[in-house]
Amino acid sequence: MAMMAYDESSAAAFAATRHLPADGLAGWRAAVSRHLPVGPGDRVLDLGAGTGAWAAAFRAWYRVDVVAVEPAGAMRTRSVYPEMVAGRAESLPLAAAGLAGAWLSTVVHHLTDVPAVAAELRRVLRPGAPVLIRSVFAGRGGGVTLFRWFPEALRVVEGYPSVAEVCAAFEAAGFAPVALGPVPQVSAPSLRAAADGLRRAAHTPLVLLDDADYERGVRRLRAAARRTPHAPVVDALDLLVLR
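This text gives an overview of the structure that appears in the document. None of the values given here were measured: they were computed from a predicted structure.

**Focus on the packing of aromatic side chains**
Scanning the entire structure with this criterion turns up 11 aromatic pairs. For the ring pair Trp-61 and Tyr-62, a centre distance of 5.9 Å and an interplane angle of 85° mean the geometry is edge-to-face. In terms of burial, Trp-61 and Tyr-62 fall into one category: buried. Arranged with centres 5.6 Å apart and planes meeting at 20°, the rings of Phe-150 and Tyr-214 form a pair that is stacked. Taken together, the residues Phe-150 in the loop between α6 (146-149) and α7 (153-157) and Tyr-214 in helix α11 (residues 211-227) connect sequence positions 64 residues apart. Tyr-214 matches Phe-150 in its accessibility class, with the two residues each being buried. Ring-pair connections join several aromatic residues into one group, and the members of that group are Trp-28, Trp-54, Phe-58, Trp-61, Tyr-62 and Trp-103. Lying over the aromatic face of Tyr-214, Arg-200 brings its terminal NZ or CZ to 4.4 Å of the ring centre.

**Quick look at the side chain of Asp-42**
Note on placement: Asp-42 falls in the loop between α2 (26-35) and β1 (43-47). Setting aside residues no more than four positions away along its own chain, Asp-42 makes contact with Pro-37, Val-64, Asp-65, Ala-100 and Arg-126.

**Digging into the pattern of salt bridges**
Evaluation of the coordinates by the stated rule reveals 12 salt bridges. Close ionic contact of Asp-42 with Arg-126 constitutes a salt bridge, the shortest N to O distance being 3.3 Å. Here Asp-42 is found in the loop between α2 and β1, whereas its partner Arg-126 is found in the loop between α5 (114-124) and β5 (131-135), with 84 residues between them in sequence. Residue Glu-90 is joined to Arg-88 by a salt bridge in which the shortest nitrogen-to-oxygen separation is 3.7 Å. Salt bridges sharing common partners tie together Arg-43, Arg-59, Asp-65 and Glu-83.

**A short note on the packing of α2 against helix α3 (residues 53-62)**
At their nearest, the axes of α2 and α3 sit 12 Å apart, and the two run at 65° to each other. Considered as vectors, α2 and α3 are oriented roughly perpendicular to each other. Where α2 crosses over α3, the handedness of that crossing is right-handed. Where α2 abuts α3, its residues Trp-28, Arg-29, Val-32 and Ser-33 lie against Trp-54, Phe-58, Trp-61 and Tyr-62. Taken together, the residues of the contact of α2 with α3 break down into six nonpolar, one polar and one charged.

**Digging into the nonpolar core**
Phe-58 and Phe-150 are the most contacted members of the largest nonpolar core, which totals 50 residues. If one sorts the elements of this core by residue count, α3 sits on top with six residues. Not counting chain neighbours up to four residues away, the residues in contact with Phe-150 comprise Leu-198, Leu-206, Leu-209, Asp-213, Tyr-214, Gly-217, Val-218, Arg-220 and Leu-221. By size, the runner-up hydrophobic cluster in this structure holds 32 residues, among which are Leu-99, Leu-125, Phe-137 and Leu-240.

Thresholds applied
- Residues numbered from 1 in each chain as written.
- Predicted model: local features only at pLDDT ≥ 70, side-chain atom pairs only at ≥ 80, totals over all residues.
- Heavy atoms only, no water.
- Phe/Tyr/Trp six-rings, centres within 6.5 Å; stacked < 30°, edge-to-face > 60°.
- Buried < 20%, exposed > 50% of the residue type's maximum accessible area, 1.4 Å probe, protein only.
- Helix = DSSP H or I, 4+ residues; strand = E, 2+ residues; numbered from the N terminus.
- Lys NZ or Arg CZ within 6 Å of the ring centre and 35° of its normal.
- Contact = heavy atoms within 4.5 Å.
- Salt bridge = Lys/Arg side-chain N within 4 Å of Asp/Glu carboxyl O.
- Axes fitted to C-alpha atoms, helices over the stretch in contact; angles between N-to-C directions.
- Parallel < 35°, antiparallel > 145°, perpendicular 65-115°, else oblique.
- Left-handed = near helix turned anticlockwise from the far one by under 90°.
- Nonpolar A, V, L, I, M, F, W, Y, C, P; charged D, E, K, R; others polar.
- Core = buried A, V, L, I, M, F, W, Y, C linked by side-chain atoms within 4.5 Å.

Okay, structure coming up:
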């Protein structure tokens, strides 16, 4: 798959605009807590940890040791989490059967070999430990408000793995799906803030649009922000859980 690689420019854009506000995380904390029964002394993997925002949240929520693995040096240098590990999903620098769970946030569409990643997760997780995948999957992008203004970007999302494809890859490694559903989040405090803070390089579907489609979307977003500047931006991404 490997939709894009994060260089200095895209990593800077991601760090500046893709961290959710603290008050927008309540839905994710509740959803994760239902499927990840961990506490002090446990180790949890954040795979494709980016700039470390989720690793920091998990440590604060559950008092666990988060192993934050990220291949892109430009992302690691901008991390808000102090203990980033360089590594690739297909060959994790971790011992076998040592982790109480794994978290993958908006990363599955960047993986070049999902079956190999699933097998590697099977190796490093304890028996019965869950894999939690936060993502937009092919055919399930309707909960993301960005696509209202950039509808052409849904064509990019159709190139992402589907839920069925991800489940098949993980089932081959001994996992079974146990839950799937949308989780709401406050992505921006207002539509005006979302328009003002938009950085194309931070969003894979926007990077892969042609320039004309992108500019049309920017005009739509700015027009909407003028009409309803103070409305919060509430999105819903899927959480897929496998054990």
